[in-house]
Amino acid sequence: MSSNDHAEAVADVSRARRLQSRKHHAVGWPIAGLILLGMIGLVMLGITTSRVGALPAVFGAVAALLPVGIVVAATVWIDRWEPEPPMLMIGSFLWGAGGATACSLLLNNTSQSMAHLLTGHADHRFFLTAVMGPVVEEAAKAVFVVGLWIRRRAEFNGLVDGIVYASLTAAGFAFTENILYFGKAFADGGVTGGAVVALFVLRGVLAPFSHPLFTAMFGIAVGFAWGARTRLKQFGWLLAGYLLAVLLHAVWNSATFLGGTGFINVYFLIMVPVFLGTFALIMWQRKREQRIVVAQLPKLERAGLVARSEVELLASLTGRQGWLRKVKRHAGAQAAKSVRDYQIAVTELAFLQHRSEAGRTTSAARRARREKLIVDLKQARRSAAGRQEAIQTARINLDELTRRVPKPRP
């Protein structure tokens, strides 16, 4: 190692130590939050068990794993360009599974009591299901996403990030709700009962994305609010997204009162087009994220943060995944993890530079965030290079890998 390299490494260590003291403080609160959310989840599990019984609750949890697994896997898939911090993703799911369901249970019970008080013993199922349910549940799910957006604004880079957090929160909510529904159907008719099969087809096969789709409307609004210049416009986007989520949820719940034909019409004429439109928007946004990274890579290369041989590999998911497979095969899983950390740090730095050029971050915030990301990037590169030349794998296998990598568009 040359004297310049040694001096640079010492400077990086010094900066890393300064940032580490801030990181301890920043990490403490999320860990405490996860513990609290876990405790709330245990309380909700106890409430569910008391309502349907232990065995039905276990059956409901097993049956609910399939739809929630599909939703979580799809969410992780759409988040591949700039993966969100695992702790925040877990927190989103736990809030939906515990905090949001607890809030909804409390407020729905209050609404039911108020309805009894105002209307006597009249049948108010439609009001509670199609009006109060969507209003309360979407608010309970959205509050966590709003909290993240306020406290961790740097984690949001557009519509995809808002959709990811909103979808995970809704997936957690649907998971707990499905446990209750599946467990009640099992308690009433057993595993071979028609109610269990019909409910599983509806909630597990036809509509596993129903709750995530409703709350994704709010996530999309968060993405637009991120790009808004004034607080009034930001609030307007958030309010519009919430109202759209409530409306879509209300339409879905109302369809259960329309009978078989009415429900099928709502499903195919409203829900399926909305789902396909949201999916198309996500794919368009992923292309946008790629264009941002491609545009920033040459600047990172000129700054000496990215090697020229790595630019093409970093410019596409195919190139990145091919690089990781090569490293894992030749240098092991730990080296591949270091390269993965390096890829993520490059992406986050590219997004930060894009936000800075667009005037969406203050100079002080930009300097602090950039300093941290550069330290993370260099540490990940140094760690990868120290694991059987993992970084050099990109150079050695560049021709073989880039033959399968489409040229990035400027």
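Up top is the structure these notes are about.
Below: a short report on this structure. (Residues numbered from 1 in each chain as written. Predicted model: local features only at pLDDT ≥ 70, side-chain atom pairs only at ≥ 80, totals over all residues. Heavy atoms only, no water.)

As for the packing of aromatic side chains
In this description, a pair of aromatic rings is defined by centroid distance and the angle of the planes. Convention followed: Each pair of aromatic rings taken from Phe, Tyr and Trp, with Trp reduced to its six-membered ring, is defined by centres within 6.5 Å and is described as stacked if the planes are under 30 degrees apart, edge-to-face if over 60, and tilted in the remaining cases. A run of H or I in DSSP becomes a helix once it reaches four residues, and a run of E becomes a strand once it reaches two; helices and strands are each numbered from the N terminus. Note on exposure labels: buried denotes an accessible area under 20% of the residue type's maximum, exposed denotes more than 50%, and partly exposed covers the range between, all computed with a 1.4 Å probe on protein chains only. Only when the NZ of Lys or the CZ of Arg is both within 6 Å of the ring centre and within 35 degrees of the ring normal is a charge said to sit over the ring.
Across all of its chains, the model carries 14 aromatic pairs by this definition. Here the aromatic rings of Phe182 and Phe200 are separated by 5.9 Å at their centres, their planes lie at 40°, and the arrangement is tilted. You can see Phe182 sitting in helix 5 (residues 159-189) and its partner Phe200 sitting in helix 6 (residues 194-206), a full 18 residues away along the chain. A relative accessible area of 1% places Phe182 in the buried class. Looking at Phe200, the relative accessible area reads 25%, which means it is partly exposed. When the ring of Phe224 is compared with that of Trp237, the centres are 4.5 Å apart and the planes differ by 15°; the resulting orientation is stacked. Highlighted residues: Phe224 in helix 7 (residues 210-227) and Trp237 in helix 8 (residues 231-255), separated in sequence by 13 residues. Members of the aromatic cluster, each reached through a chain of ring pairs, are Trp252, Phe263, Tyr267 and Phe268. Directly above the aromatic system of Trp149 lies the positively charged group of Arg153, at a separation of 3.9 Å from the ring centroid.

A closer look at the pattern of salt bridges
To be explicit about the condition: Criterion for a salt bridge: a side-chain nitrogen of Lys or Arg within 4 Å of a carboxyl oxygen of Asp or Glu.
One pass over the full model with this rule turns up 7 salt bridges. Taking the shortest distance from any N to any O, the salt bridge between Glu138 and Lys141 comes out at 2.8 Å. In this pair, Glu138 and Lys141 both sit in helix 4 (residues 125-151), 3 residues apart, roughly one turn of the helix. Arg308 is the salt-bridge partner of Glu301, the closest N and O atoms lying 3.5 Å from each other. Here Arg308 falls in the exposed class, since its relative accessible area comes to 66%.

The values are spatial; any link to function lies outside them.
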